[in-house]
Every structure is written in C-alpha cells, then in structure tokens.
Amino acid sequence: MASSRRFIIEADGGSRGNPGPAGYGAAVRDGDTGELLAEAAEYIGHATNNVAEYRGLIAGLRAAHAIDPEAKVDVRMDSKLVVEQMSGRWKIKHPDMRPLAAEAGAVFPREQVSYQWMPRARNKHADRLANEAMDAGKAGRQWVAKPLPAGAAGSGTVAVEELPPAAPAAPAGWAAPADLGTPTTLVLLRHGETALTPEKRFSGSGRGVDPELSERGLAQADRAAAAFAARGTVQVIVSSPLLRCRQTAAAVATRLGLEVRIEEGLREADFGVFEGLTFAEVKERYPVELDAWLGSARNAPPEGESFVAVSRRVAVARDKLLARYPGRTVLVVSHVTPVKTLVRQALGAPQESLYRMELSPAAISSIQYYADGNASLRLFNDTSHLR
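The notes below deal with the structure included here. Not measured: the values here are computed from a predicted model. (Residues numbered from 1 in each chain as written. Predicted model: local features only at pLDDT ≥ 70, side-chain atom pairs only at ≥ 80, totals over all residues. Heavy atoms only, no water.)

A word on the nonpolar core
Ranked by size, the top nonpolar core spans 36 residues in total, and within it Leu57, Leu61 and Val75 carry the most contacts. Within the residue set of this core, elements represented by two or more residues are strand 1 (6-15), strand 2 (20-30), strand 3 (36-47), helix 1 (49-67), strand 4 (72-77), helix 2 (80-86), helix 3 (97-105) and strand 5 (113-117). Here the element with the most residues in this core is helix 1; it accounts for nine residues. Setting aside residues up to four positions removed in sequence, Leu61 forms contacts with Ile9, Val73, Val75, Ala104, Val107, Phe108, Val113 and Tyr115. Counting residues in hydrophobic clusters, the runner-up holds 34 residues, among them Phe202, Phe307, Leu354 and Ala363. (Core = buried A, V, L, I, M, F, W, Y, C linked by side-chain atoms within 4.5 Å. Buried < 20%, exposed > 50% of the residue type's maximum accessible area, 1.4 Å probe, protein only. Helix = DSSP H or I, 4+ residues; strand = E, 2+ residues; numbered from the N terminus. Contact = heavy atoms within 4.5 Å.)

So, the environment of Ser3
In this fold, Ser3 is placed in the segment before strand 1. You can call Ser3 partly exposed: its relative accessible area is 21%. In contact with Ser3, not counting residues within four places along its chain, are Asp68, Glu70 and Ala71.

Comments concerning the packing of aromatic side chains
If you walk through the whole model with that rule in mind, you get eight aromatic pairs. On the numbers, 5.3 Å between centres and 65 degrees between planes, the contact of Phe202 with Phe271 is edge-to-face. With Phe202 in the loop between strand 8 (184-190) and helix 5 (215-231) and Phe271 in the loop between strand 10 (260-262) and helix 7 (279-285), this pair connects stretches of sequence that are 69 residues apart. Comparing Phe202 with Phe271 shows no difference in burial state: the two are buried. Each ring, one from Phe202 and one from Trp293, has its centre 5.7 Å from the other, and the planes form 65 degrees; the classification is edge-to-face. Taken as a pair, Phe202 in the loop between strand 8 and helix 5 and Trp293 in helix 8 (residues 287-295) lie far apart in primary sequence, 91 residues in all. Across the pair, exposure class does not vary: Phe202 and Trp293 are buried alike. Through successive ring pairs, a cluster of aromatic residues spans Phe202, Phe271, Phe274, Tyr286, Trp293, Phe307 and Tyr355. (Phe/Tyr/Trp six-rings, centres within 6.5 Å; stacked < 30°, edge-to-face > 60°.)

Here we look at the side chain of Thr278
Along the chain, Thr278 turns up in the loop between strand 10 and helix 7. Taking relative accessible area as the criterion, Thr278 reaches 16% and is therefore assigned buried. Not counting chain neighbours up to four residues away, the residues in contact with Thr278 comprise Glu199, Lys200, Arg201 and Phe202.

Quick notes on unusual backbone geometry
Of note, the amide linkage connecting Asn18 to Pro19 takes the cis form, showing an omega dihedral of 0 degrees. Take Pro19: it is sitting in the loop between strand 1 and strand 2. The residue Lys200 is not glycine, and still its phi comes out positive at about 55 degrees. Inspection of the secondary structure assignment puts Lys200 in the loop between strand 8 and helix 5. In this model, Ala362 sits at a positive phi of 60 degrees, which is unusual for a non-glycine residue. Summarising the element assignment, Ala362 is placed in the loop between helix 10 (336-347) and strand 12 (364-369).

Brief notes about the pairing of strand 4
In this sheet, strand 4 lies alongside strand 1 in parallel orientation, the contact comprising six bridges. If you follow Ile9 over to strand 4, its bridge partner there is Val75. (Pairing = 2+ DSSP bridges.)

Observations concerning a nonpolar patch on the surface
A cluster of nonpolar residues, Phe279, Leu294 and Tyr355, forms a patch on the protein surface that exposes about 260 Å² of accessible area. The residue Phe279 is located in helix 7 in this model. (Patch = residues over 30% accessible without salt bridge, like charges linked within 9 Å, V, L, I, M, F, W, Y side chains within 5 Å. Areas by Shrake-Rupley, 256 points an atom, 1.4 Å probe, with all protein chains shown as cover. Salt bridge = Lys/Arg side-chain N within 4 Å of Asp/Glu carboxyl O.)

Thoughts on the sheet that holds strand 1
Judged by pairing direction, the sheet is mixed, and its five strands sit side by side in the order 3-2-1-4-5 without closing on themselves. The strands lining the two open edges of the sheet, one partner per strand, are strand 3 and strand 5. Averaged over all pairs of adjacent strands, the angle between their axes in this sheet comes to 20 degrees, without regard to strand direction. Pairing of strand 4 with strand 5, which is carried by five bridges, proceeds in the parallel orientation. Its bridge partner lying in strand 5, Asp74 is registered against Ser114. Strand contacts of helix 4 (residues 124-138): strand 1, strand 2 and strand 3, with the helix running at about 140 degrees to strand 2, the strand carrying the most contacts. (Axes fitted to C-alpha atoms, helices over the stretch in contact; angles between N-to-C directions.)

Observations regarding helix 10
Compared with an ideal rise of 1.5 Å per residue, which puts twelve residues at 16 Å, helix 10 spans 17 Å between its outermost C-alpha atoms and is within 8% of the ideal. Most of helix 10 is tucked away, with eleven of its twelve residues classed as buried. Those residues of helix 10 that sit buried are Val336, Thr337, Pro338, Val339, Lys340, Thr341, Leu342, Val343, Arg344, Gln345 and Ala346. In the core, the buried residues of helix 10 are packed alongside strand 3, strand 8, helix 9 (307-324), strand 11 (329-334), strand 12 and strand 13 (375-382). Of the residues flanking the end of helix 10, it is Gly348, one or two places downstream, whose phi is positive at about 65 degrees. (Expected span 1.5 Å × (residues − 1).)

All quantities given are derived from atomic positions and should not be read as evidence of function.
Written out as structure tokens, the structure reads:
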C-alpha cells in the first residue's frame, strides 16, 4: 500500500575555493507540518561546489528513504544546475556529475520525487549544516551528530560541535592577498618492500594482513633516511599505523632525531577478499567482483573499502596535518593508495587517475599547500636515492 506521507528535503553543498575544502548539508521535514525529521552533513575533502551540492542531495534522499521509502518527496535546492539536471530539463555534460546524478536518481523511483529551485536566502538551514561540516573538516575532524531533541520524529541527527566554530575562511583564489606566506609541505614516502611487494600481491589493511619490511625493504628505508638526513628539511614525521610504514618511518626518525606520530587515516585501503592474492588469482576467483571494482571508484571489493571511502578519510587526515603544522615540512610515510590519492586531490584529477600512476617502493613525492587552499605537486615517484 502506497504511503500517504510527504517529505520536503532541503539540501546544499559548498566549496571554499571551488575546488577546495568542501562539505554538504541536508534536512528532511514533514511535508504537512514542517517538522524537522532528520539532518545530515559531511566534510568531503577537496571538491567543487557542484559535487558537494549533489552529495547533499544524495544524503537528503537517503535520510528520507530511511524514514519511509514509499513517501512522496519534494526536493528544494538553490542549485539551479542540480534542480534542472535532476528534473531532466538540462543535459548532464560533465563526467563527474553523471554518476552522482545516477546515484541520486536510484534512491527513490522517479515518480515519487519532484525538484524545486529556491533562492539561497531560503535555504539557510542546509547551508548552515554544510558550513558546519566544512568548519569541522578545517579543524581536522568530521561533523559529529547526536539524536534529535525530544519530540522530533524519525531517526535523524543534528550537529554538535565539541569546539567553537572555526573562524571565517580567508579570501581565496583571485581574492586572496598576494603574499600567501610559507606553504606547508607534505613529503610523501611510500614504505619499503615487503615479501608481498615483488609478487604484486594485494597488501592493504584488512584481514590481518600487516607484513613487515623485507631485507630489501629495510635497506630501502635506510637509504631514504640518509637522503632526508642530507637534505635536513623534514621537521615532523607522521606514519600510517601499519607495521611496514612504522618501520620505514622509524629508520628516518632515528637519523633525524624525531619522534613518529601515527595517523590512522593514512593506512592503506582495505582490499577485503582480495588481500594476499595476486591480480591473476583475484581475476580467477572473483571475476565479477574485480570488474565491478575496476569499473567504479565507488565500488569496494567484497568485505573491503572503495577508493571513494579512502579518499574521504585521506582528505580528513591531510587537513588535520595542514591545520596542525602550518608552514612546516612534514614527512608522511604511507602506502600506494593514500599517496596517489593525495596527488590526485592536489591536481584536482578524477578518481580514475589512480589507475594511471606508478608508485615504487620507498619512492618520494612532495606537495606544497598554500594559504588560499591551492596545492602544487613538486615531485612524484622519485627513486634516485635508491640507486
């Protein structure tokens, strides 16, 4: 039996720099009473306004669907682009928008959803949530939620900040002052080889797979340490929690007289059932699952983690480091996927670019981040110190 309920979804997204640090917000209301039923917000890392707006729409639709999948839904947004594209009046030309529109369109049957544009001044609730999410991201954490106040229906959430709101963002892009100060430099070091590396086996962070460095890997770590000691520029060392990275970071820390700080967000992707297998073995045992994983960065291996999920947590880890060590040179010891993700985000490249980068064991890359939110890739996959 069809539901008689009607929901109003207010959704918004924003990007400080466009592209830049981005977040979204969405609210679900009872269509008859206006009562707030649910809220959603998230800091999504480096993205454009349009991507953030679509993500806000998807979050709002999913929150409404969780309450009543049979309800009629009226979506109200101040994004003319999203409203017109989802209404079918405008073509979706940008390749980044197509999968997002498809994801939004799959939540409810088309006949249950209508779209309406409204002025930005009337979309303050969703805009506030999006800015709360971006402020949380700037402070190095995700937007935190708690149950709605007593009397509210549904199972929604509202934001609660553990710290005071961040100060308004400084002017970015062309509006930024000429002197942007000393950039923060993240020097990215992939860990040295393990026994799994030369066999090209999936080695992520799942299923208890946490190999130590091989003899060759230890030698690579020592050579990298010698190179950093000679340069004398590294001021902070941060590492993935996995053993192979901690061993690599320890070699550098011993040379430089620094401590190693652990950042959970820098761990390798969880490859699920692919862990420990070669590509050929995965293709033989899980051909359908492998094709799905290779076909979209949103698809995860069974029991694993998608590249989109990795991108989100890496962006949070990156922003933590930038907030914590402004103007300093930070050595980040991590893995193939997080390092390539940081490079992709700095370049504003699509997710598919991860498949087009080669990153060697103990290779060094470097990215500089400026006060206006822009980033510059200075070095990639340098292995000269290993020769």
